[in-house]
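# Notes for the structure review
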Amino acid sequence: MPTSAGFKQFNDLVGLKFQLYNSLFTSLPFHRIEKTGILLSLLLNNCEEGFRKKQSPSQIIDDFFSKHTEYIREEEKLDLLFRFVQYVERQVVLFDALEDAAFTQVNDMQGSGTLKQLSVELQKNNFDKDMLEKLRQFCIRIVLTAHPTQFYPGSVLGIINDLAKAIADDNITAINQYLQQLGKTPFLKKQKPTPYDEAISLIWYLENVFYAATGRVISYLKKNNEELLNHHPVVQLGFWPGGDKDGNPFVTSSITLSVADALRSSIIKCYYMDVRRLKRRLTFEGVEQPLVELEKKLYNNIFIPGQRTGLTKEEIIETLQQIRQTIIYHHNSLFVHLVESLITKVETFGLHFATLDVRQESSVHGKVLHALLNKGHQLQLLKTEDYLKTEAAEDATVKDTLDTIAAIKTIQQHNGEQGCHRYIISQCQTAENVLEVMELFLQSGWNKDELNIDIVPLFETIDDLRNAGKVMHALYTHPAYRSHLLKRKNKQTIMLGFSDGTKDGGYLMANWSIYKAKEELSAVAEQYNIEVVFFDGRGGPPSRGGGKTHKFYASMGRNISGNEIQLTVQGQTVSSNYGTIDAAQYNMEQLINAGITNQLYNSHKTILTEAEEKLLYQLASVSYDKYAALKNHPGFMDYLSHVSPLRYYSDTNIGSRPAKRSSGSRLTLKDLRAIPYVGSWAQLKQNVTGYYGVGTALKAMQEQGYWPELQKLYKESLFIRTLLGNCEMSLKKCFFPLTAHLMNHPQHGEIWNMIHDEYQLTRQMVLQLSGHTELMEEYPVEQLSVQMRERIVLPLLTIQQYAIATLRQMQEQLINSPQQQVYEKLIMRCSFGIINAARNSA
């Protein structure tokens, strides 16, 4: 579908319908709702006009109250502001549902990047057997994480899903009812979710979206491109809630076991429902009885306490294959496609649904080993004296670490090996960090010859990325670890963290460092005949590895291993990219197409020349220096703490994990989690992490006479175009008039001006290099979506900054007001709508 057609469809199906259905909000069950809607539209006009006049949020809000209301008491004013928040939150939900409903009309489901287009490409070219065999090894792994970037509670997500269906059917009665339901459904979570709660929330997506979407994708490949399928599923799912222990003391071994059990029960429930549906069609002789028996086994495994049988994936497939054969040979293959579809799902999901990964921070393992030495244990792989120098872990940490390792074995017994076979080490800095985990498994009774665990180092900071090649070289030459890899089919998974890399080194340096790390790690693996697989820790926004993700994978050169695509998907990205079956199918197809196309034409891709590498390194280095000067400024953290909603992140109750790693009262950048860090900049509408330093670097290269080379590189390199295209998205979501009142602030003015100047320069230089006249010019649909969403939440942004400024004034003037907690709650509540509207801001 041409871009212009998609743009028109978006305007008609989302833009115009939003105006139409927005009128239904006047019937929402809120106090004085009609008046609230009228006043909100007046506030929006006040905001737009006020920011054009360079007024501050406080001036805009005060001006609004004096012009359009008779409120005098502070309590009355705050009550109205909270009603605005409620109203806008639900407007955002409506917009989300409209976008979901229009997805198949706005996006070409059989066009560029889809499996249909890939099929045409494969038929057009005759690839040799070696190439086809290489393609048969390819797969994607989408790993759902519990990172707190989703402010919608599960009940609201369900309403969005139902509302989207009603909108697609133009069912006004149902739409009105769902909006009524939305009005009565609370958005605020009064308590923090437990890790188990987070898992259950994401399992909703597994059951209602991924189960069907993955089945569709693999069934299509079976029918049209069977040559791409091997014994392993081309789509695999991973799962972090309940296994991600890094910095989250609430993820215990018992939680891990409970989540694994929930995953097993969930997939069996999906099979059970499919078998029930099959029974309505397969009413033939020789088929009914096997189906009844299978239904009973599945039912007992879900609903009857103590009746869990030793049901296996193989047993389910064997029964279904027998039914399939009976239908083919005795019933003219009637409805055989329904049975084959279920077989495909069982082959893909087994009894695990998604692989539960375990992750822990590297320093914990050394402390546990010291504690074990104190208890009389003897180390098998490492030197005892190295661990007697470290701090010993507390007994509770030791017990939970060993219990978690034991839990992995239990999970494998019930869910199969795919249920839990990966142990990820965050902040991995040395080969010893990996060997420590292997040592802990051996200390826990695992046999060295039967250790069916993939140990995955995670490299995050710029220094760790630069050192990653040396770490892996040391591991590949370590006899015990090399022997372990041999049993794992000489396959090593390495995780690379975009979020902490950006927080540490800025946008350009982080992305360039990861690119170079992948090159070096690919070369080291090839040297030792190891198949290396990269697992990318990506977030929603470009600064955390989000944006046009599939284009990054399509841009990797032949010197970077691309046998698999593995990436994390979290929070908003789950609901925006995988919130419906159609959207999930489309985005999975985009990843598969990018990966396979990259493999097909890898040999034609040129490696960057020495001059180009030098140029990119200079760009990254200048950018890094600029970003480092900002983050090392003595007023940097104070600015972020007092100007943004950072301090209130932990009060939003959206995730079980603390907002910072240490328990100390002082907030430091090192301890701060990437999500609240990036999310705070997003709510400030300054998006520092998505562009800061880029403009300075491009300007420096221009002044040094490298502009023609940069233009050539931009034109020829999809990697550079994607990198700067995502940068454009970050710039597009900035709105500096919101905070322009800080320009001359005695404490925060210097930082604000540094950021604003770099924003202006980056915008100018990126547009000059791309040749575009406006940001996101190549993506008009996304551009319009951003513009509409930003306009919807402009009142919330203004209210939030008004509340922050009021609190700041109270603190500066040492005013002890009983309304302080109310303003804090107002800041937090505004965060919900702002973050949800952005869809990929954290």
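Within the protein chain, the secondary structure is distributed over 34 helices and nine strands. Taking 2.2 N^0.38 as the reference for a compact globule, 842 residues should give roughly 28 Å; the C-alpha atoms of the protein chain span a radius of gyration of 27 Å, in line with that estimate. Judged by the C-alpha coordinates and their principal axes, the protein chain covers about 80 × 65 × 60 Å. Here the protein chain holds 842 residues, and the buried ones make up 60% of them. About 33,600 Å² of surface is accessible on the protein chain, with carbon and sulfur atoms providing 49% of the total. In the protein chain, which carries 89 positive and 91 negative side-chain charges, the distance between the mean positions of the two groups comes to 2 Å.

Moving on: the packing of aromatic side chains. If you walk through the whole model with that rule in mind, you get 29 aromatic pairs. On the basis of an interplanar angle of 50° and a centroid distance of 6.5 Å, the ring pair of Phe 65 and Tyr 71 is categorised as tilted. The buried category is assigned to Phe 65, whose relative accessible area is 3%. With a relative accessible area of 14%, Tyr 71 lands in the buried category. Consider the rings of Phe 736 and Tyr 759, whose centres lie 4.8 Å apart with planes at 40°: the pair is tilted. Taken together, the positions of Phe 736 in the loop between helix H31 (718–732) and helix H32 (749–770) and Tyr 759 in helix H32 put the pair 23 residues apart, joining distant regions of the chain. With a relative accessible area of 5%, Phe 736 lands in the buried category. Residue Tyr 759 is classed as buried on the basis of its relative accessible area of 12%. The residue whose ring lies beneath Lys 409 is Trp 446, and the NZ or CZ to ring-centre distance is 4.6 Å. Its end group placed over the ring of Phe 82, Lys 825 keeps NZ or CZ at 5.9 Å from the ring centre.

Positive phi, normally seen in glycine, also occurs at Phe 353, with a value near 70°. Tracing the backbone shows Phe 353 in the loop between helix H14 (336–349) and strand S3 (355–356). Here Phe 353 falls in the buried class, since its relative accessible area comes to 1%. Positive phi values are uncommon outside glycine, yet Lys 489 reaches one of about 60°. Residue position: Lys 489 is located in the loop between helix H20 (479–487) and strand S7 (491–497).

As a further point, take the pattern of salt bridges. Counting across every chain of the model gives 39 salt bridges. Where Glu 89 meets Arg 90, a salt bridge forms, and the shortest distance between an N and an O atom there is 3.3 Å. For the pair formed by Glu 89 and Arg 90, the shared burial category is buried. The closest approach of N and O atoms between Arg 359 and Asp 244, which form a salt bridge, is 2.8 Å. In this pair, Arg 359 sits in strand S4 (residues 358–361) while Asp 244 sits in the loop between strand S2 (235–239) and helix H11 (253–281), placing the two residues 115 residues apart along the sequence. For Asp 244, a relative accessible area of 9% corresponds to the buried category. Each of Glu 89, Arg 90 and Arg 829 takes part in one network of salt bridges that share partners.

It is worth spelling out the packing of helix H4 (residues 74–101) against helix H34 (residues 820–838) at this point. For the pair H4 and H34, interaxial distance at closest approach is 9 Å and the crossing angle is 15°. When the axes of H4 and H34 are compared, the pair comes out roughly parallel. Where H4 crosses over H34, the two elements pack in a sense that is left-handed. Along the contact surface, H4 presents Glu 74, Leu 78, Leu 81, Phe 82, Val 85, Gln 86, Glu 89, Val 92 and Asp 96, while H34 presents Val 822, Tyr 823, Lys 825, Leu 826, Arg 829, Cys 830, Phe 832, Gly 833, Asn 836 and Ala 837. The residue makeup of the contact of H4 with H34, split by class, is 11 nonpolar, three polar and five charged.

Another point: the packing of H31 against H32. Their axes nearest at 11 Å, the elements H31 and H32 cross at an angle of 140°. It follows that H31 is oblique to H32 by the angle criterion. Viewed along their axes, H31 and H32 form a crossing whose handedness is left-handed. Contact residues: H31 offers Leu 724, Cys 727, Glu 728 and Leu 731, while H32 offers Tyr 759, Thr 762, Arg 763, Val 766, Leu 769 and Ser 770. Looking at side-chain class alone, the contact of H31 with H32 contains six nonpolar, two polar and two charged residues.

Turning to the sheet that holds strand S5 (residues 422–426), a few remarks are in order. With respect to topology, nine strands assemble into an open sheet ordered S3-S2-S1-S9-S8-S7-S6-S5-S4, the strand pairing being parallel. Two strands in the sheet have a free side with no partner beyond their single neighbour: S3 and S4.

This next bit is on the pairing of strand S6 (residues 454–459). Summarising burial for S6: six of the six residues are buried, a large majority. Residues of S6 alternate between two faces, with Asp 454, Val 456 and Leu 458 on one and Ile 455, Pro 457 and Phe 459 on the opposite face, all of them buried. In this structure, S5 lies alongside S6, joined through four bridges in parallel fashion. Of the residues in S6, the one forming a bridge with Ile 424 is Val 456. Assessed by its sense of winding, the connection that carries the chain from S5 through helix H18 (residues 431–443) to S6 is right-handed.

Okay, H31 next. The α-helix advances 3.6 residues per turn, and as a result positions three or four apart in sequence lie on the same side. Taking 1.5 Å of rise per residue, the 15 residues of H31 would be expected to cover 21 Å, and the 21 Å separating its terminal C-alpha atoms lies within 8% of that figure. Along H31, 12 of the 15 residues are buried, which leaves the element largely enclosed by surrounding structure. Listing the buried residues of H31 in full gives Phe 719, Ile 720, Thr 722, Leu 723, Leu 724, Gly 725, Asn 726, Cys 727, Glu 728, Met 729, Ser 730 and Leu 731.

Quick look at the nonpolar core now. One finds Ile 142, Leu 206, Phe 239 and Ile 755 to be the most contacted residues of the largest nonpolar core, which totals 253 residues. With 15 residues, H4 is the single largest residue contributor to this core. Those residues in contact with Ile 755 that lie beyond four places of it in its chain are Leu 630, Tyr 639, Trp 681, Gln 686, Val 688, Tyr 691, Tyr 692 and Phe 736. Counting seven residues, the second-largest nonpolar core is a separate cluster that includes Val 143, Ile 424, Leu 458 and Met 495.

Counting buried residues in strand S1 (residues 139–145) gives seven out of seven residues, a clear majority hidden from the surface. Burial along S1 is two-sided: Cys 139, Arg 141, Val 143 and Thr 145 facing one way and Ile 140, Ile 142 and Leu 144 facing the other are all buried. Relative to strand S9 (residues 564–570), S1 is paired through seven bridges, and the arrangement is parallel. Looking at S9, one finds that Arg 141 is bridged to Gln 566.

Turning to helix H22 (residues 507–527), a few remarks are in order. Its 21 residues give H22 an end-to-end C-alpha distance of 31 Å, which sits within 8% of 30 Å, the value for a rise of 1.5 Å per residue. Summarising burial for H22: 16 of the 21 residues are buried, a large majority.

Our focus in this paragraph is the environment of Ile 834. Here Ile 834 lies in helix H34. Sequence separation between Ile 834 and Glu 716 is 118 residues; the distance between their C-alpha atoms is 37 Å. Leave out the neighbours within four places in its chain, and Ile 834 touches Gln 683, Val 793, Leu 796, Leu 797 and Gln 800.

The next subject is the environment of Ser 770. One can find Ser 770 in helix H32. On the accessibility criterion, Ser 770 (14% relative accessible area) is buried. Each C-alpha atom of the pair Ser 770 and Gln 711 lies 8.0 Å from the other, and the pair is 59 residues apart in sequence. Once residues lying within four places of it in the same chain are set aside, the contact partners of Ser 770 are Tyr 714 and Glu 728.

Definitions and cut-offs
Residues numbered from 1 in each chain as written. Predicted model: local features only at pLDDT ≥ 70, side-chain atom pairs only at ≥ 80, totals over all residues. Heavy atoms only, no water. Helix = DSSP H or I, 4+ residues; strand = E, 2+ residues; numbered from the N terminus. Rg over C-alpha atoms; globule rule 2.2 N^0.38 Å. Buried < 20%, exposed > 50% of the residue type's maximum accessible area, 1.4 Å probe, protein only. Areas by Shrake-Rupley, 256 points an atom, 1.4 Å probe, with all protein chains shown as cover. Lys, Arg positive; Asp, Glu negative; His and termini not counted. Charge placed at Lys NZ, Arg CZ, Asp CG, Glu CD. Phe/Tyr/Trp six-rings, centres within 6.5 Å; stacked < 30°, edge-to-face > 60°. Lys NZ or Arg CZ within 6 Å of the ring centre and 35° of its normal. Salt bridge = Lys/Arg side-chain N within 4 Å of Asp/Glu carboxyl O. Axes fitted to C-alpha atoms, helices over the stretch in contact; angles between N-to-C directions. Parallel < 35°, antiparallel > 145°, perpendicular 65-115°, else oblique. Left-handed = near helix turned anticlockwise from the far one by under 90°. Contact = heavy atoms within 4.5 Å. Nonpolar A, V, L, I, M, F, W, Y, C, P; charged D, E, K, R; others polar. Pairing = 2+ DSSP bridges. Right-handed = clockwise from strand over helix to strand, strands pointing away. Expected span 1.5 Å × (residues − 1). Core = buried A, V, L, I, M, F, W, Y, C linked by side-chain atoms within 4.5 Å.

Interpretation note: all reported values are geometric properties and have no functional meaning in isolation.
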